[in-house]
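Each chain, letter by letter, is given below.
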Amino acid sequence: MAALFPFPRAGFGERKLSGSFMLTSELTRQELSDQVSRVRSDVQRQESTTPYVSAADGSISGIEGASGGQAEYGKTLSRLEFYYLMVKNQILRFQHESLGLYVTDNATAKDGHVRDMIYANSAVWALSRAYKRIDDDAGRGNELGQCAVKCMRGILFCWMSQADQLERFKNDQIPAFALHSRFEVQHGDPIPCTAYPYPHLQIDVVALYLLYLTQMTESGLKIIFTMEEVHMVQNLVFYLERAYRIPDFGMWERGDKYNTGSPELHASSIGMAKVALESINGFNLFGEHGASWSVIYADVDAHNRNRTTLETMLPRESSTKNTDASLIPTLSYPCFAVHKPIVFRATMDKMQRKLLGKYGFKRFLRDGYGTAIEGKGRRFYQPSEVKLFDSIECEWPVFFVYLIIDGVFHGDTEQVQNFQKLLEPLLKESFEGDVVIPRYYYVPEEMIEAERLNPGSQDRLSSNEDPDGEGDIFIWGQALFIISQLLVEGLISPSELDPLRRYQPATQRPSRKSRYSSFSSSIPSDLAVQVALISESARLQALLATYGVQTQTPHQIEPIHIWSPNNLTEVYSRLGQEDQLGLSGRPKRPFGPLSTSKIYRVGGETAVCYPLFFEITDFYLSYDQSMLMDYIRNGTAFVASRWKLHGRPTMVCLIREEMVRGPQAGDMLKLLASFRAGEVNGIRVRTGLLQNFLASSCVEHLDFVVDLTTVKRGSFEEITDSTTNFRSLMDITRPSTRSSLSEQNFNEYNDRNVHEVIDALNHTDSLRGQGQLLSILLRKHGENFVVDSVNNTTVKMRMETLIRQCANLKKWEIVRYCSGMLQKVVASLAPSITGMLVRGKEVRLGVFGHEEAIIDKPVTPSQVKNLVYSTCYHYHPSAAVLQQELLISIGTFMETQPHIFDGMLKIRMGWIVRALSFYIKHTAMDPTESKDDYIYSLSPSDVQDLLLEVLTLPPLTRSDIGPSLGHPKLSPLQRRQVDGSLNRVPRKFYDSFWNILHRCPKGIKVADQLIPQDPTITEMTLYELNFALRVDALLDRITHPEYRQIVVELIMVVNTVLERNPELYFADVLDTDGFVHSAFERFLKDYKRKETKPSRTYEIELFYDQPVSVTGTYVAGAVVDLLLHQDVDYTGVGSANLDASAEPSDSDSCVIS
């Protein structure tokens, strides 16, 4: 549009640059300058036209709507030539001749940031695509395309030189092992280390590279040449797969908003990783005619975790950033990560409400970058400094450009026109007469105070982009500006800029025909899950047939093999192996239920894989038939709801003889009958012969495995037994209970020699005694110590046998003890914890009353194991595995019923176990159930049901006057013990604490720990998690759950009093202990007066056992009495009034409470 170039077209001046840079033609600088001047003169003489957006297809009219006349063709050619020279002058002259990398830090003329390079390269590629639309492009389309290829290969070369870094990062995701995001452009060397290490861990950079690599290859460019490069790209996919749990420094390279060098989870990074995995899965890097071995594979379960984590975090960017402009390129061009209108609109609306200004978007609230008071060369801030940047954050016009592009892609004419108008006055003229987009606009130092008093009232100055021919060019923004104008003028269509059609909903994208699994463009809403029922033996098959359940045996499905998840992991470990680069291939981490729902063809064989919860050598949860049935139901529902691949999912359900033993055999048969009926908990299922499912299943061809005989693997084996077939359930052998009768204690053998211990082990019938003796041998000699030399049986093998035996006998306390001694870890523990963290929770591991391990950032499975056993093992080995059970259950409940965790900011596992123990004790019908260790004897399914019952207890309210209300079995004291142990607070609790702190100039004291008014309210805002965590840190000092709950009630009462009396405030420290003591004395005085037979002593538990209406009355009386009798100068009350602007909105989804 001519209106966007309003400046007089002066000639070009010479610009000095250090180093040698290529101009991809033979034109000299002066010749190029003269040519640009002539083109500009021609354009100015042409009659301007106003493009319009077609709402039908989202494309811009222009060349596509032309009549084909010579005048229109000449005009198009002139505009392309104009942009060609613009790209030459503003983009390509910064591309180095050796590797094709771009100098993005123009002042130094030697370094470049990969993100800026990719965006700069995208403009070159976009213009090459535009030239493909005309017959005679004078070779410019090919020239520009090759420039784009050279840059992409240069970036890949830099990362290939860091293959050792990548290999370490696959096993330990820490910043020190991250691929670099900034390089020296001539040789591709890493930038030299300074006093502080550069924040290279930026997940979005690698994701953006893979996205554009796929887009450009899809457009026809040849970027990847060799198999070494293919394997490198495959390892970049491994780099991204766990983005959902990798805290990084984000798009702005600062980590959390306090800029203290701490990485955190960013929704923008996770979203870009999700998009990259979607785009490259099943993609052939050699193009449509590539070989089978150049195909890239992505873990569909990892993609799903990234997707669910992203949707959970939105509209928040991170734990410290309520929102962030980096979400714009994630949700819009170039990623288009979210297609749910509600999520997209809520996030975009929130950004516009909080970040939009007259000069662009702020990056995030309290961002100090580029402000006049930040100081040049500052790397980190002090946490309290961010308050200084409130209301004076720089505004970035480049986000107007993003929204112009977004409007074109979505056919929104009004959005395009609005942001074009906003952008036009912000553009500057360079020394050479070019249109330049500033990096940002800042508030001059002399106007900062006025801007703080009235945000948006002061004029801003632009950053130093090329005012005199020597400044920087913001190449990222300049490239996007060129792309936006190519789209607006109709010189390129959205589908040409996005060949993968990511801007369209999945149902509207063209299907990619391939023999490899890829994400489907259309998934039916009533998707049916195919279920293959496999019996462990022929006699079990015959028994189930009598109940109408048709199954197959492993022998009957031959030549199809049945693999365990560990077998599949072993096969996939060959993926991406490259000895020349030192890359080992896919890390050996387990596959989830989506990956195990495919049919695999590898090395001439066909195989299926059963889900991890059927693996009996793993954790003991699958021994509990109720838990196993829940896993089967939930697994079927999970696959049906999360399936995004071509073909139907096929789930293998293994049926073992022990699954139809005992009192739960009937429930298992009912579940199998529901499979036969075609519906399980509302999910459509199809059962039948596995061979008949092959044609309709999702089939994955693992062509990267050349010789399957070199891969260590096994297959699920059928049990062959010559005994008589089962005629009914009564014929199945029941486990003997004889060995469980003896309960002899063997602790005395701790001081005996090894031979005596082994002899006792071989001669005892006591299961508990065997566990004790084996634990003695394990502690002294290790799990690989041989206890039976004839059969070469080790301590670990004997313990595994004992675990299975005790599980069959329902001796769960022994199962947990032995599992804890072996330090077992349940699968998917780390993802469950990550799911809690992204929902704003903090996880703490440890035994009640002892030191806790804090998890506030995603951790690896090995780190979780170390934390849980370091905090629990020495106090109670069983506690370590019980807490793992609870973590898995909490993770499931938090995903399916997130509302039951409202008010629980911290998931303190030791305290939750305490809450369950309290509940068991208070509701026990049998005295043996009141013991603290009774919980360890419950089955995993009973523990899960108990947890759900406790979490869904109704809140204690003023109407609860005794055990008859609220809960029929719990008194107010008992309810406070349970609620206090859960660390649950009422809605608006943190808001109330914030409001009280504003009225307490000297702060609030809880359990002798003071939280001061200043700098708390200056460093933090009500909307961030850190404030809530700081408040919770005070409450954590309280060791008695019931007292903790009383303090929480006190805070709510104090806030109510202050809200009703806005003229009051606390002249001294608000001491919660003092208020509780005063309220108790008031209550005791009235209680003694009413009591007919006074007791000798009165414990404070008597006060705790009163309903909320009673305790609240006495607490309110203590508060009002202090407020009315304190020595207060009310002339200063105005300064302590609440800041009205700090009041949260009920509609804001990111308010902590």
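What you are looking at is a predicted structure, and each value in this text was computed from that prediction instead of being measured. (Residues numbered from 1 in each chain as written. Predicted model: local features only at pLDDT ≥ 70, side-chain atom pairs only at ≥ 80, totals over all residues. Heavy atoms only, no water.)

Trainee: How should the state of the cysteines be read in this particular structure?
Mentor: Two cysteines whose sulfur atoms are joined by a covalent bond form what is called a disulfide. Per the counting criterion, the structure on display carries 0 disulfides. Unpaired in terms of disulfides, cysteine 818 finds its nearest cysteine sulfur in cysteine 806, a separation of 6.3 Å. (Disulfide = S-S within 2.5 Å.)

Trainee: What's the story with the packing of aromatic side chains in this structure? I'm lost.
Mentor: Applying the stated criterion to the full structure yields 46 aromatic pairs. A ring pair is formed by tyrosine 572 and phenylalanine 704, whose centres lie 5.6 Å apart and whose planes are at 50 degrees; its orientation type is tilted. Note that tyrosine 572 is positioned in helix α18 (residues 565-572) and phenylalanine 704 in the loop between β17 (699-701) and α22 (754-763), a separation of 132 residues in sequence. The residues tyrosine 572 and phenylalanine 704 share a single accessibility class, namely buried. The ring of phenylalanine 82 has arginine 79 sitting right over it, with the charged end atom 4.9 Å from the ring centre. The aromatic ring of phenylalanine 225 is capped on one face by arginine 153, whose charged end is 3.8 Å from the ring centroid. (Phe/Tyr/Trp six-rings, centres within 6.5 Å; stacked < 30°, edge-to-face > 60°. Helix = DSSP H or I, 4+ residues; strand = E, 2+ residues; numbered from the N terminus. Buried < 20%, exposed > 50% of the residue type's maximum accessible area, 1.4 Å probe, protein only. Lys NZ or Arg CZ within 6 Å of the ring centre and 35° of its normal.)

Trainee: Would you take a moment to explain the confidence of the model for the chain for this structure?
Mentor: Overall, the prediction assigns the chain a mean pLDDT of 84, with 85% of residues at 70 or greater. Counting interchain partners and residues more than four positions distant, the pLDDT-below-50 stretch residues 1-30 has 88 contacts. Taken as a whole, residues 43-68 scores under 50 in pLDDT and shows 46 contacts with residues more than four places along the chain or in a different chain. (pLDDT = per-residue confidence, 0-100. Contact = heavy atoms within 4.5 Å.)

Trainee: Whenever I open this one, the sheet that holds strand β22 (residues 906-908) confuses me. Can you help?
Mentor: What holds strands together in a sheet is hydrogen bonding between their backbones, with the strands either parallel or antiparallel. In spatial order, the strands read β21-β20-β22; together these 3 strands make up an open sheet with mixed pairing. Looking at the sheet topology across the chains shown, the edges are occupied by β21 (853-855) and β22. Shown here is a sheet whose adjacent strand axes are inclined to one another by a mean of 20 degrees, direction ignored. Across 3 bridges, the pairing between strand β20 (residues 842-845) and β22 is parallel. Opposite arginine 844, over in β22, you have arginine 908 as the bridge partner. On top of the sheet, helix α29 (residues 909-923) reaches β20 and β22; it is set at about 65 degrees to β22, its chief contact. (Pairing = 2+ DSSP bridges. Axes fitted to C-alpha atoms, helices over the stretch in contact; angles between N-to-C directions.)

Trainee: Just checking my understanding: could you explain unusual backbone geometry for this structure?
Mentor: Excluding glycine, residues mostly carry a negative phi; peptide bonds, for their part, are mostly trans. At the junction of leucine 314 and proline 315, the peptide bond is cis and its omega measures out at 10 degrees in the coordinates. Within the fold, proline 315 resides in the loop between α9 (300-313) and α10 (327-331). Each neighbour pair has its own omega, and for aspartate 1014 with proline 1015 the value is 20 degrees, a cis peptide bond. Tracing the chain through its elements places proline 1015 in the loop between β24 (1009-1011) and α33 (1016-1019). For phenylalanine 336, which is not glycine, the phi dihedral falls at a positive 55 degrees. The backbone of alanine 1007 sits at a positive phi, close to 50 degrees, despite the residue not being glycine. Its place among the elements puts alanine 1007 in the loop between β23 (1004-1006) and β24. A relative accessible area of 16% means that alanine 1007 is categorised as buried.

Trainee: I'm lost on empty space enclosed by the protein in this one. Help?
Mentor: One water molecule sets the probe size; rolling that probe over the atoms shows where empty space is left. Summed over all chains, the structure comprises 7 cavities of 30 Å³ or more. With 3 residues, the top contributor of residues to the lining of the largest cavity is helix α7 (residues 227-241). Along the lines of polarity and charge, the residues of the lining of the largest cavity split into 8 nonpolar, 2 polar and 5 charged. (1 Å grid on protein atoms, 1.4 Å probe; cavity = no way out; pocket = protein on both sides within 12 Å on 5 of 7 lines; lining within 4 Å. Points joined across faces, edges and corners; volume = space filled by probe spheres on them. Nonpolar A, V, L, I, M, F, W, Y, C, P; charged D, E, K, R; others polar.)

Trainee: Sorry if this is basic, but what is going on with the packing of helix α5 (residues 163-171) against α7 here?
Mentor: A pair of packed helices is captured by two measures, namely the crossing angle of their axes and the spacing between those axes. Remark: α5 packs on α7, axes separated minimally by 10 Å, with the N-to-C direction vectors making an angle of 35 degrees. Handedness of the α5/α7 crossing: left-handed. Here Leu166, Phe169 and Lys170 of α5 come into contact with α7, specifically with Met232, Asn235, Leu236, Phe238 and Tyr239. Residues belonging to the contact of α5 with α7 are distributed by class as follows: 6 nonpolar, 1 polar and 1 charged. (Left-handed = near helix turned anticlockwise from the far one by under 90°.)

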